[in-house]
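Chain by chain, the residues:
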2 protein chains.
Amino acid sequence: MAYRQGLDTDTVLQAAIEIADVQGVEQVTLAALAAKLNVKTPSLYNHIKGLPALRKQLSHLSLIRIKEAMVEAVLGKAGDDALLAAGFAYVNFARKQPGLYDAMASLPDFGDPDLQQASNNVVGFMLRLLEPYALSEEDALHVVRGFRSVVHGFASLELKNGFRMELERDESLRRLLTTYLRGLRTAD
Amino acid sequence: MAYRQGLDTDTVLQAAIEIADVQGVEQVTLAALAAKLNVKTPSLYNHIKGLPALRKQLSHLSLIRIKEAMVEAVLGKAGDDALLAAGFAYVNFARKQPGLYDAMASLPDFGDPDLQQASNNVVGFMLRLLEPYALSEEDALHVVRGFRSVVHGFASLELKNGFRMELERDESLRRLLTTYLRGLRTAD
DNA sequence: TATAATAACTAATGATATTAGTTTTGTCAA
DNA sequence: TTGACAAAACTAATATCATTAGTTATTATA
């Protein structure tokens, strides 16, 4: 009712994250957002460019936060320990903020420069973790693709309820990561 | 214009697949579908229950086809050879029918009985491939989760353009799969 | 051939995003 | 202190969708 609600971009973004995490990313609509913020839909345009732009910002934030979570997790660790911790941090982020993670994972177009840079930061972080392994640049890049596939695949299937069997999920993840790392260590 | 267009459920489904593969799954709208089939939107309701039901059918079909592709790929193969072939068949399916694959991967609710059964068939197929490894039931289920994570993660990242580096993709996939399989073979 | 089932249609409703133009409020400089 | 301007809310309008209700034409069948 009050003419000034005191909104800003961050508040809108935060509300969008909450809706995404609680109700699912497909429920992040301008209508739902406006209702949550006690504002009419068009008012949101003072703070965001539109729905696609909002989704892009969510993706961007998600990439940044996921990298932060991994950085925090590997402090004081190196080698397989660090990779294992980073893998768990990745999946745990997706568990804690399923909507935000989904916003990142389900963005159709990854061509945006901001997103590319955030994505490059994640890749750069993983390359750092691989330094002790003394791989060639090409080998390291293949491993980064492999590692990302592993953790994203696991997180994604788990979130979509793809694992319906009664079976410890952390144990599945631990085995997946250690199996992959063991394979890296071993020559054919 | 003609009053009977000769539509049936399969035709509608096929058109939906084409839109999904060419324009992306988010472009599969009843409006686009009706336009493609030279029909008004409400007419589609004679053949499908609605958009959510259509998407569910796409997911179902995708699960069936992906299993068929893997079955075909492993004929005459066993052990690591079979798993490698199945992994490539999985990813190649996603490459050939990106929209159909995405429809499967991005379905919010996997609780439907039809989908569960189709999904169980995929799991059952993978368990068969693991028979030569003589794992316990629990071990085998963990491996199935791992393998699905690996191939889905790779396919998903590749489709979303997550691999922007100039680097052979098939080589990345081959390394990922063989590394995982090598890890399975090796004890710690 | 008459009737029933079916597949198309039109019309209407409600949700959504977006744009244009308006009003109110807060801030800042004269 | 006040007046002007920028910003943030608003209303109104449009366009796109999905969906439902009710109607008409076609096909199949009894």
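The preceding data block contains the structure.
Nothing here was measured: the structure is a model prediction, and the numbers come from that model. (Residues numbered from 1 in each chain as written. Chains lettered and ligands numbered in written order. Predicted model: local features only at pLDDT ≥ 70, side-chain atom pairs only at ≥ 80, totals over all residues. Heavy atoms only, no water.)

Caption draft 1: The arrangement of the protein's contact with DNA strand D in detail. Taken together, 22 residues form the shell around DNA strand D, and within it Arg4(A), Lys40(A), Ser43(A), His47(A) and Tyr45(B) come nearest. For DNA strand D, the fraction of atoms within 4 Å of the protein that belong to sugar or phosphate moieties is 68%. One of the side-chain nitrogen or oxygen atoms of Asn46(A) is found 2.8 Å away from a base nitrogen of DNA strand D. Those elements that provide at least two residues to the surface near DNA strand D are helix H2 (30-36) and helix H3 (51-74) of chain B. Class assignment for the residues of the surface near DNA strand D results in 11 nonpolar, eight polar and three charged. (Near = heavy atom within 4 Å. Polar contact = N/O pair within 3.5 Å; in protein donor to acceptor, adjacent residues only side chain to side chain. Helix = DSSP H or I, 4+ residues; strand = E, 2+ residues; numbered from the N terminus. Nonpolar A, V, L, I, M, F, W, Y, C, P; charged D, E, K, R; others polar.)

Caption draft 2: Representation of the interface of chain B and chain A within the structure. At the interface, 45 residues of chain B touch 45 residues of chain A. For the pair chain B and chain A, the two sides together bury roughly 4,100 Å², of which 58% comes from carbon and sulfur. Linking chain B with chain A are two salt bridges, by the criterion used here. Ionic pairing is found between Arg175(A) and Asp139(B), a salt bridge with its closest N-O pair at 2.8 Å. At the junction of chain B and chain A, the tally comes to 22 residue pairs in polar contact (both at pLDDT 80 or more). (Contact = heavy atoms within 4.5 Å. Buried area = accessible area lost by both parts, 1.4 Å probe. Salt bridge = Lys/Arg side-chain N within 4 Å of Asp/Glu carboxyl O.)

Caption draft 3: Local environment of helix H7 (residues 137-159) of chain A. If you check H7(A), its first and last C-alpha atoms are 33 Å apart, about what 23 residues at 1.5 Å a residue would give, namely 33 Å. For H7(A), a buried count of 19 out of 23 residues is recorded, marking the element as mostly surrounded by other parts of the structure. (Expected span 1.5 Å × (residues − 1). Buried < 20%, exposed > 50% of the residue type's maximum accessible area, 1.4 Å probe, protein only.)

Caption draft 4: Focus on the packing of helix H1 (residues 9-23) of chain A against helix H5 (residues 98-105) of chain A. All names here are of chain A. H5 packs onto H1 with a crossing angle of 100° between their chain directions and a minimal axis gap of 6 Å. When the axes of H1 and H5 are compared, the pair comes out roughly perpendicular. Between H1 and H5, the residues in contact are Ile17, Ala20 and Asp21 and Pro98, Gly99 and Leu100, respectively. Per-class residue counts for the contact of H1 with H5 are four nonpolar, one polar and one charged. (Axes fitted to C-alpha atoms, helices over the stretch in contact; angles between N-to-C directions. Parallel < 35°, antiparallel > 145°, perpendicular 65-115°, else oblique.)

Caption draft 5: Structural context of unusual backbone geometry. All names here are of chain A. Of note, Ala134 is a non-glycine position whose phi angle comes to about 50°, a positive value. Along the chain, the position of Ala134 falls in the loop between helix H6 (113-130) and H7. When its relative accessible area of 68% is taken as the criterion, Ala134 is described as exposed.

Caption draft 6: The arrangement of the pattern of salt bridges in detail. Residues and elements named next belong to chain A. The tally for this structure, following the rule as stated, stands at 24 salt bridges over all chains. Of the charged contacts, one joins Arg95 and Glu158 as a salt bridge, the two residues approaching to 2.9 Å between their closest N and O atoms. Here the residue Arg95 occupies a position in helix H4 (residues 79-96), and Glu158 occupies one in helix H7, the gap between them amounting to 63 residues. Its relative accessible area of 26% is what places Arg95 among the partly exposed residues. In this structure, Asp170 engages Arg95 in a salt bridge whose closest nitrogen and oxygen atoms are separated by 2.7 Å. Of this pair, Asp170 sits in helix H8 (residues 169-185) while Arg95 sits in helix H4, placing them 75 residues apart in sequence. Assessed through its relative accessible area of 36%, Asp170 is described here as partly exposed. Three or more residues joined by partner-sharing salt bridges are found here, namely Arg95, Glu158, Arg169 and Asp170.

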